[in-house]
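Inside the fold
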Amino acid sequence: MTVPTIALNDDTAIPQLGFGVFKVPPAETATTVATALEVGYRHIDTAQMYANEAGVGDAIAASGLARDDVYVTTKLNNGFHLPAEAKASLSRSLELLRLDVVDLFLIHWPLPTRYDGDFVQTWQALIELREAGLTRSIGVSNFQPAHLDRIIAETGVVPAVNQVEVHPFFDNTAVREADARHGVATEAWAPIGQGKVLDEPTIGAVAAELGRTPSQVTLRWHVQRGDIVFPKSMHAARMAENFAIFDFTLSDEQMARISGLDEGEAGRLGPNPDAFDYVPD
Ligand SMILES: NC(=O)c1ccc[n+]([C@@H]2O[C@H](COP(=O)([O-])OP(=O)(O)OC[C@H]3O[C@@H](n4cnc5c(N)ncnc54)[C@H](OP(=O)(O)O)[C@@H]3O)[C@@H](O)[C@H]2O)c1
């Protein structure tokens, strides 16, 4: 199975399907990521907040894969938005990941009610980290349209990606449109709604029509919309199921039926980024 790549606005490319490790326990991360790499995943999405970067690094090192054959994303933790701390945190991440450079470093949350509302200084720190060669690409996560507009207006640097919650119950239309307007690739987190969309009858019906599973048709819906996805699973069989989405197609009508499940704000599973203010002690 060949995973397509998406061209980013900084002349790099990212595999459209990856493997996410949110809630993968640190002690189980190395074996879980090793299994994902065996299945064929070549894009791992972790974060400082997940406390499992070391396991990701161990699995990649043990895999024997060439550095350039695995795309690695990590994200700045919420306590490190001050520029000096952002820079120190990426050095620590690189040590844990056993890498000289990550492919993509993201601001995990904008935290507009923290740090005097100044996420632009944090974005500037990421710009400098890219210039220093510690990350190949830089981007953001959970940025609302106004947050995107502001960092772009104040620095002139457009993020390569915006990683936001998107799944059939929560289309996040305004953010996806803002991303498209700026030439920012959308990464859809919780692509199968953390499992909650899988029992939905319309998705079940589309899956039955195609002889596929609910998870496969949901992930296929995302990739046909052009978004980047990295479903998480602790189970090898599900990892393989989620990886097998490039040998079938949803019709326009099937795409529209799944898109019709959008509940707007009511469908959101995670926090609203405008209000989210969690900073670890
Ligand atoms: N930037 C952010 O703020 C943010 C927030 C959340 C997530 N993320 C990223 O996005 C990734 C994906 O999101 P997510 O982990 O929250 O949710 P998700 O990938 O939508 O769903 C994961 C859940 O679905 C289950 N599952 C996976 N494949 C399945 C299948 N084929 N059939 C049935 N159940 C299946 C998993 O259970 P098992 O593990 O038991 O198989 C797990 O409970 C994360 O791992 C992380 O990398 C980013």
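**Some remarks on helix H3 (residues 83-97)**
The end-to-end C-alpha distance of H3 is 21 Å, a good match for the 21 Å that 15 residues give at a rise of 1.5 Å each. Next to the buried residues of H3 lie helix H2 (53-63), strand E5 (71-76), strand E6 (102-107), helix H4 (120-131) and strand E7 (135-141). Just beyond H3, the residue with positive phi is Arg98, at close to 60°.

**Observations regarding the site of the ligand**
Taken together, 29 residues are adjacent to the ligand, and Asp45, Gln194, Lys232, Ser233 and Arg238 come closest. At a separation of 3.5 Å, an oxygen atom of the ligand approaches a polar backbone atom of Gly193. In the environment of the ligand, an oxygen atom lies 2.8 Å from a nitrogen or oxygen atom belonging to the side chain of Lys232. Contact with the protein chains removes 88% of the 900 Å² of surface that the ligand exposes when unbound. Residues of the shell around the ligand, tallied by class, amount to twelve nonpolar, twelve polar and five charged.

**Concerning the nonpolar core**
With 65 residues, the main nonpolar core has Leu17, Val21, Ile44, Trp123, Ile151 and Leu250 as its most contacted residues. Counting residues per element, this core draws most heavily on H4, at six residues. Among all residues touching Leu250, those that are not within four sequence positions of it are Val206, Leu210, Val217, Arg220, Trp221, Gln224, Met255 and Ile258. Counting residues in each nonpolar core, the second largest holds 16 residues, with Leu106, Leu111, Ala160 and Ala190 among its members.

**Points about unusual backbone geometry**
Phi is mostly negative for residues that are not glycine, and the peptide bonds are mostly trans. With a phi angle near 70°, Asp11 is a residue other than glycine that sits in the positive phi range. Here Asp11 shows up in the loop between strand E1 (5-7) and strand E2 (13-15). Judged by its relative accessible area of 79%, Asp11 is exposed. In this structure, Asn142 is a non-glycine residue whose phi angle is positive, near 65°. Counting through the fold element by element, Asn142 comes out in the loop between E7 and helix H5 (145-155).

Conventions adopted
Residues numbered from 1 in each chain as written. Predicted model: local features only at pLDDT ≥ 70, side-chain atom pairs only at ≥ 80, totals over all residues. Heavy atoms only, no water. Helix = DSSP H or I, 4+ residues; strand = E, 2+ residues; numbered from the N terminus. Expected span 1.5 Å × (residues − 1). Contact = heavy atoms within 4.5 Å. Near = heavy atom within 4 Å. Polar contact = N/O pair within 3.5 Å; in protein donor to acceptor, adjacent residues only side chain to side chain. Areas by Shrake-Rupley, 256 points an atom, 1.4 Å probe, with all protein chains shown as cover. Nonpolar A, V, L, I, M, F, W, Y, C, P; charged D, E, K, R; others polar. Core = buried A, V, L, I, M, F, W, Y, C linked by side-chain atoms within 4.5 Å. Buried < 20%, exposed > 50% of the residue type's maximum accessible area, 1.4 Å probe, protein only.

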